[in-house]
Structure formats: structure tokens, C-alpha cells
Amino acid sequence: MARNRELEAIIKIAGSIDPSLQKSLQSAKKEFGGLKLGMAAIGTAAVAATAAVVKLGVDAVKSAAAFEQQMANVATLLDGTKEQVSNRIGELGDDVLAVSNKTGVATDELTDGLYQIISAVGDSEDAITQMELAAKAAKAGGAETTDAINLLTAVTKGYNDTSGEAFQKASDLAFETVKLGQTSFPELASSIGKVIPLASALGVEQEELFGSFAALCKR
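Below you will find a few notes about this structure. Just so it is clear, the model here is predicted, and its values are computed rather than measured. (Residues numbered from 1 in each chain as written. Predicted model: local features only at pLDDT ≥ 70, side-chain atom pairs only at ≥ 80, totals over all residues. Heavy atoms only, no water.)

Brief notes about the overall build of the protein chain
From N to C terminus, the protein chain includes 10 helices and zero strands. When the helices and strands of the protein chain are placed in sequence order, the string is α-α-α-α-α-α-α-α-α-α. Counting only residues that meet the buried cut, the protein chain has 38% of its 219 residues in that class. Within the protein chain, contacts between residues at least 6 apart in sequence are counted, and of these 61% link residues at least 24 apart. Working note: accessible area of the protein chain is about 12300 Å², and carbon and sulfur atoms make up 55% of it. (Helix = DSSP H or I, 4+ residues; strand = E, 2+ residues; numbered from the N terminus. Buried < 20%, exposed > 50% of the residue type's maximum accessible area, 1.4 Å probe, protein only. Contact = heavy atoms within 4.5 Å. Areas by Shrake-Rupley, 256 points an atom, 1.4 Å probe, with all protein chains shown as cover.)

Structure below.
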């Protein structure tokens, strides 16, 4: 019975690591006579479980290396001494991982977004907030984070306010426009980006501008 319990544990653990293993391990269990299992069956299951652990470890190493490279790309945009840049990248990296865990958005998409934001409006205390807002807006609007960033940076830069609060306002207005106007973030970014400088110069409020686009897109 001890051996049977050991095999059951292996199947459970391996299945948690890689659900696809459940089927193969259950098949091995059946093949070796159900509950009357010998060490051969336990060995077969153990090998499969070990292979899953190894694969998980290799994938984790690859993901870590990719993330490090992505953050290294972001680092090229930062000013300061080598130590200052290293410290800042460490902070940003931790924040990107936290946002990924919170939103479910992949880190490669977030680091691309962070690169775009810093490239467009510079690094600031609001950089992660801006990135997170864009990621959430994109997810809600069925778009890529980069699409949302193109839109939000165009609006906030055009109205000369790129703070986190400005990003939040533009994000809220853009989402309502996409929802009511039957358009998309890429389409809206392309269209609204062309008129923002003039609208801002003429004193047209963002609410008026987005409202007009929502009405026009319905037709």
C-alpha cells in the first residue's frame, strides 16, 4: 500500500506541474495492474514527473533570460551613472513583475510598453502607473498594450500633461469612446493623433474631442 500511495502522490504532483502528464501517468497505472503496482510502475511515473520538473526549470531559465534582456533594452533609455541605472532597472523590473501578476498581461508585452512610454514621455515616478493603465485599457478594449500606449501618449503629450492622472483621464475617455463609437484603440490612435495638436491649440477640451469621435464613429 505504501508504494501505491507513493505513485498516487507522484501522479498528483506531476499533474500539477504539467496537466498533460496526468493522462500518461494514469495510463501507466492502468497498464501495471491498477492498485497492484510494482516498483516498475513507480519508476515509470517518477521518470515522467522528473522530466516535467526539468522542463519547468529550463522554461523558467529561458523566461528569466528573456526578461533580463527586455529590461536591458529599457535601460538604454535611462540617464545617470551605471549604478543609478542599475538600481532604477531593478525597481522597474520588480514593478513590471508585480503588474504582470496583477493583470495577467505577459511580461514581454509590459516591457515593450514600458520601453515605449519612457521613449515617448521619459522616465518618471509615474512610469509604471502609466504602463499599468495602458495594459488595463488594452485588455478591456481587446487591444495590445502598445496600441493603448500610442493612443494615451498622443493625447497626454498633445495636451502637455503626461502625469499618471492625465493618463488615467485619457484612458477613461478612450475606453468610453471605443465602447460607444464602435472603433478600436489602433483606429482611434491613428485618427485622433492627427487632430490633437490643433484641438489643444484651439482650447478644445478632451471630453469634447473624444465625444465628437464617439459620435462620428457611430455613423
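Quick look at the pattern of salt bridges
Overall, the coordinates contain six salt bridges when judged by the stated rule. Here Arg 88 ties to Glu 91 by a salt bridge, and the two come within 3.3 Å at their closest N and O atoms. Residue Arg 88 and its partner Glu 91 are located together in helix 4 (residues 82-103), separated by three residues, close to a single helical turn. Under the relative-accessibility criterion, Glu 91 is labelled partly exposed at 45%. Close ionic contact of Asp 123 with Arg 88 constitutes a salt bridge, the shortest N to O distance being 2.9 Å. (Salt bridge = Lys/Arg side-chain N within 4 Å of Asp/Glu carboxyl O.)

Comments concerning helix 4
End to end, helix 4 covers 31 Å across 22 residues, agreeing with the expected 32 Å (1.5 Å per residue, within 8%). Buried residues of helix 4: Val 85, Arg 88, Ile 89, Leu 92, Gly 93, Val 96, Val 99, Ser 100 and Thr 103, and no others. Along the axis of helix 4, the buried residues cluster in a sector spanning 145 degrees; they form a single face. Residues of helix 4 that are exposed and angled more than 90 degrees away from the buried face: Glu 83, Asp 94, Asn 101 and Lys 102. (Expected span 1.5 Å × (residues − 1). Arc of directions from axis to C-beta.)

Concerning the packing of helix 7 (residues 145-158) against helix 9 (residues 185-201)
Relative orientation of the contacting elements helix 7 and helix 9 amounts to 10 degrees, with a least axis distance of 9 Å. What the angle tells us is that helix 7 and helix 9 run roughly parallel. Residues Asp 147, Ala 148, Asn 150, Leu 151, Ala 154, Val 155 and Gly 158 of helix 7 pack against Phe 185, Pro 186, Leu 188, Ala 189, Ile 192, Ile 196 and Ser 200 of helix 9. Each residue belonging to the contact of helix 7 with helix 9 can be placed in one class, and the counts come to 10 nonpolar, three polar and one charged. (Axes fitted to C-alpha atoms, helices over the stretch in contact; angles between N-to-C directions. Parallel < 35°, antiparallel > 145°, perpendicular 65-115°, else oblique. Nonpolar A, V, L, I, M, F, W, Y, C, P; charged D, E, K, R; others polar.)

Thoughts on the nonpolar core
Leu 92 and Leu 114 are the most contacted members of the largest nonpolar core, which has 44 residues in total. Of all the elements in the fold, those that place two or more residues in this core are helix 3 (39-75), helix 4, helix 5 (107-121), helix 6 (127-140), helix 7, helix 8 (164-181), helix 9 and helix 10 (206-218). Among the elements that make up this core, the one with the highest residue count is helix 6 (eight residues). Excluding its chain neighbours within four sequence positions, the residues that come into contact with Leu 92 are Met 71, Val 74, Leu 78, Leu 114, Ile 118 and Ile 128. (Core = buried A, V, L, I, M, F, W, Y, C linked by side-chain atoms within 4.5 Å.)

Remarks on the side chain of Gln 130
Within the secondary structure layout, Gln 130 lies in helix 6. Gln 130 sits in the buried class, given a relative accessible area of 1%. Other than its neighbours up to four places away in sequence, Gln 130 contacts Ile 117, Val 121, Ser 124, Thr 162, Ser 163, Gly 164 and Phe 167.

Section: helix 7
Along its 14 residues, helix 7 runs 20 Å from first to last C-alpha, staying within 8% of the 20 Å computed at 1.5 Å per residue. Of all 14 residues making up helix 7, 10 are buried, and the element is well covered by its neighbours. Of the positions making up helix 7, those classed as buried are Thr 145, Asp 147, Ala 148, Ile 149, Leu 151, Leu 152, Thr 153, Val 155, Thr 156 and Gly 158. Asn 160 occupies a position one or two residues after helix 7 and carries a positive phi of about 55 degrees.

Quick notes on unusual backbone geometry
Positive phi is not limited to glycine here, since Asn 160 has a value of about 55 degrees. Secondary-structure assignment places Asn 160 in the loop between helix 7 and helix 8.

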